[in-house]
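# Tertiary structure, described
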Amino acid sequence: MATAPATGRQGPPSTSLQGASADPVMHQAVGIVMALGRLPACSARAVLTEVSQRTTITPLRIAEFLTSWASCGELNLGIRIALEEAIRAQRRAA
């Protein structure tokens, strides 16, 4: 039975790289949703979670789509609809 080298990490090596770059992307996406929906940060995070659940796409991938959309102007129609509905729901709840 072979053992993995002791590096102090668990899981695949890419996990730590994804974690290092994921945080800024999530923060940018929260800011985008805050601006779009005129929502506080906690509601914007809830919108990202809701869009993720409706589309069965991970929150990080949703964040990547939104940050890309902010610069290129293209967003998948299904994600756009889920985003609009989630923002409307959060604004009604507030």
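This write-up is about the structure you can find in this document. (Residues numbered from 1 in each chain as written. Predicted model: local features only at pLDDT ≥ 70, side-chain atom pairs only at ≥ 80, totals over all residues. Heavy atoms only, no water.)

### Some points on the packing of helix 3 (residues 59–72) against helix 4 (residues 77–93)
With their axes 12 Å apart at the nearest point, helix 3 and helix 4 run at an angle of 95° to one another. Between helix 3 and helix 4, the interaxial angle falls into the category roughly perpendicular. Across the interface between the two elements, I62, F65, L66 and W69 from helix 3 touch I79, R80 and L83 from helix 4. Among the residues forming the contact of helix 3 with helix 4, the class breakdown is 6 nonpolar, no polar and 1 charged. (Axes fitted to C-alpha atoms, helices over the stretch in contact; angles between N-to-C directions. Helix = DSSP H or I, 4+ residues; strand = E, 2+ residues; numbered from the N terminus. Parallel < 35°, antiparallel > 145°, perpendicular 65-115°, else oblique. Contact = heavy atoms within 4.5 Å. Nonpolar A, V, L, I, M, F, W, Y, C, P; charged D, E, K, R; others polar.)

### Some words on the nonpolar core
In this structure, V33, V47, L48, V51, L66 and L83 are the most contacted members of the largest nonpolar core, which totals 19 residues. For this core, the secondary-structure elements that each account for two or more residues are helix 1 (14–37), helix 2 (41–55), helix 3 and helix 4. The greatest single-element share of this core, amounting to 5 residues, is contributed by helix 4. (Core = buried A, V, L, I, M, F, W, Y, C linked by side-chain atoms within 4.5 Å. Buried < 20%, exposed > 50% of the residue type's maximum accessible area, 1.4 Å probe, protein only.)

### Here we look at unusual backbone geometry
Unusually for a residue other than glycine, R38 sits at a positive phi of about 50°. Note on placement: R38 falls in the loop between helix 1 and helix 2. Even without glycine at this site, T56 takes up a positive phi of about 55°. For T56, a relative accessible area of 72% corresponds to the exposed category.

Any functional reading would require information that these geometric values do not contain.
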